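Residue-level structural notes
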Amino acid sequence: MKGEPGQTRRARPPATPHFRPDLNGLRALAIVPVVAFHAGIPGFSGGFTGVDVFFAISGFLITSNLLREVDRTGGLHLGAFWAARLRRLAPALCVMIAVTLVAGLIVLSPLEWATLGEQSAAAAVYASNVLFAAQSSDYFAASIDQSPLLHTWTLGVEEQFYIFWPLLIVTACVLARRRGVSPRGVIVTAFAVTLVASFVLSLWLTDARPTWAFYLLPTRAWEFAAAGLVAVLPLGRLAARLAPLQRQTLSLVGLVLVLGAVFLLNNRIPFPGFAAIVPVLGTLLLIVAGTPGDRPSDRPGDQGPDSQPVLVSHLLGAGPLQWIGSRSYSWYLWHWPAIVFAFVLLRTDSAVVGSVAGIGSLILASASYAFVEQRVRFNTRLLGSVRLTVASMAVSAAVIVALSGGVAMIAGASTTSATFAPYQAAVVARGVSTCAERTTEASGIRYCEDGDASSKKTVMLVGDSHAGMWQNALGAAAQAEGYRLVTRWLSACPAIPVAVVNAQGVHDPACTQFRTGTVRLMGEVKPQMVVIVNANSYVGRIVDGSGQSLETTAQAHSWAAAYSEFVAQIRGFGALASSIEDNPQLSFDPVLCLTRALGSEARCSSDRGSALATTRVLRTAEAVEVEALHMTARFATVPLICGSESCRVLAGTEPIFADQGHLSAAFTRLQVPDLRLFLRRTPNAQ
């Protein structure tokens, strides 16, 4: 950008006494894997750890700047610091949110507009990380139906850090003055306590509440604190005095750790937890190894006339990496909505589409950097007034919040029409089944009761959420046939005794307890028939007794063995073991597809192979076991939905699916006549 002091032909940032080209290049090394991971490019399974690299860089640079001010003035001008952060971050963010809101109204389904408005408002006030944690949003879910603003969670974490961190330093300085000791010693103690407390909390919540651990500042603060300790302790100066070979080794180890996290970690490893140590430690080693000595030269990584340049730091100072690093913030802002909208429009999560969108977003990022980020950041009027800066940014955020409210109002008006009624009903009913809850007198086990409650003939429905979606329809069939229906299901917990972990690789002991209660309930209610319904999409999440992942073939064997064991338990109670076949699972949300731009029944249908691909292994294992066990009572769902080549998403005007994996209540109700015939197979059917 012309007119900026220190600008070179290679588009380097403005030179400052404390500018470190190696850290600017490290930003490029962080953003590229993030974009590649979101684009779905193979090999970048841990690209999301680039965010942790950003956190560590921010922790070091912000702490260094704050400490220099403390050393120079004995305190901090909090208003000036916060104003500088707002000028740097808020304008580009607000522009991105505004454009995303407008694009969302064009590209997304009206059923998504209210959520988009809510998330936009949260992002504008740097609280989207709290919102996503409260909503238990899965950061690693399929990108095609993800929020175009999901990536703003990191900005919430950063801005909350900018509020908390200087306050912590000011508090430490006040305590130091009262006790007549050096502020640095108190600051080190405060940072160390923060690091330990945050890391312990992160380890606990990574297992207990993974989404909280992933999105919230308290579980990420240790990453900033570790970098803050590097800034406050003389580690860099000590490293600058190491022999050249030692510094080269230190930097190479750091680079290996950062790249190792990018290429070797994946979303099946609990994160952040212990795994986050790898990218953070790698970043800290690179920071320390590249710290300039007492007499820095003009060359990146060259610490003086008697020392050799640190090779990695020198490479990070290369022109292309400097160009990307300077635009890394803007690129981060724009890449994710560009990828999501491309996936939505083309109804694919192809890595080719993601790559084109991700690289193309760099054009938007460059424009944002030149015309928004830099111009506001160095605006002379804003630089001269903290109040004007804060007021301007507050007005910008207020405008975004108002726009977000307007989008939510438009959503409410658009989705109340008769055309949208079936789709709205499908969305509202996702995972919800009406339930007359009961508790057994003998053991206090909870269950749902439906059908003819006065009947002495009982059918029991058991399984995970795929059993829950059949509850109302089977209840209607039971009522018509004179059966009492007892239902017991738990989401993500198959009824059969197979060890499974959640998407983050964490085992839930409540599932085992729930199964035990289900078997005990069978003994108490003495059903004539037990209907088993489990999702067949647990491939990759079935483990052995010690929690170790199994090969695909071993998972199929484990599923079949558990199925056989459960059927034996049912028959041991004198009941007929029956089942409902699991439905196809799509790679996209068909309800949203049907109501988005360019949506149509033909365009939103899925080919049969793709719809059955994710469930094929367990579906086949289960079908073989059902046949071997002579379970003649089985309700087939695939023929109701799929032909020889494709699977439908509409039954007349009713959506067949409620989301990509669950059937809609309207569609299951259409099967009541066939379910009545299914129930007549019980031993005591009249």
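Structure: see above.
As a starting point, this report considers the structure included with it. All of these numbers come straight from a predicted model, not from anything done at the bench.

Further remarks concern the pattern of salt bridges. Counted according to the given criterion, the structure contains 15 salt bridges. Between R184 and D71 there is a salt bridge, and its shortest N-O distance comes to 2.5 Å. Taken together, the residues R184 in helix α7 (residues 183-208) and D71 in helix α2 (residues 50-73) connect sequence positions 113 residues apart. On the basis of relative accessible area, R184 is assigned to the partly exposed category, the value being 29%. Among the residues examined, D71 registers a relative accessible area of 52% and is labelled exposed. Residue R676 pairs with E481 through a salt bridge whose shortest N-O separation is 2.7 Å. Placement of the pair is R676 in helix α30 (residues 672-679) and E481 in helix α21 (residues 471-481), with a sequence separation of 195 residues. Overall, the relative accessible area of 16% leaves E481 in the buried class. Salt bridges here are not isolated pairs; linked through shared partners, they connect D52, R220 and E223.

Moving on, we come to the packing of helix α23 (residues 552-572) against helix α27 (residues 616-628). Look at α23 against α27: their axes get within 9 Å of each other, and the N-to-C directions meet at 40 degrees. Of the two possible hands of crossing, α23 and α27 adopt the one that is right-handed. Between α23 and α27, the contacting residues are T552, Q555, A556, W559, A560, Y563 and S564 on the first element and V617, L618, A621, E622, E625 and V626 on the second.

Moving on, we get to the packing of aromatic side chains. Applying the stated criterion to the full structure yields 28 aromatic pairs. Measuring from ring centre to ring centre gives 6.1 Å for F55 and W153, while their planes differ by 85 degrees; the resulting arrangement is edge-to-face. Linking F55 in helix α2 with W153 in helix α6 (residues 153-179), this pair joins segments that are 98 residues apart in sequence. For the pair F55 and W153, one class covers both residues: buried. On the numbers, 6.5 Å between centres and 55 degrees between planes, the contact of F214 with F271 is tilted. With F214 in helix α8 (residues 210-215) and F271 in the loop between α11 (244-264) and α12 (277-289), this residue pair connects regions lying 57 residues apart in the sequence. Per residue, the accessibility class of F214 equals that of F271, and both read buried. Positioned over the ring face of Y162 is R85, at 5.2 Å from the centre of the ring. Sitting above the plane of the F214 ring, R220 keeps its charged end 4.9 Å from the centroid.

What counts, and at which threshold
- Residues numbered from 1 in each chain as written.
- Predicted model: local features only at pLDDT ≥ 70, side-chain atom pairs only at ≥ 80, totals over all residues.
- Heavy atoms only, no water.
- Salt bridge = Lys/Arg side-chain N within 4 Å of Asp/Glu carboxyl O.
- Helix = DSSP H or I, 4+ residues; strand = E, 2+ residues; numbered from the N terminus.
- Buried < 20%, exposed > 50% of the residue type's maximum accessible area, 1.4 Å probe, protein only.
- Axes fitted to C-alpha atoms, helices over the stretch in contact; angles between N-to-C directions.
- Left-handed = near helix turned anticlockwise from the far one by under 90°.
- Contact = heavy atoms within 4.5 Å.
- Phe/Tyr/Trp six-rings, centres within 6.5 Å; stacked < 30°, edge-to-face > 60°.
- Lys NZ or Arg CZ within 6 Å of the ring centre and 35° of its normal.

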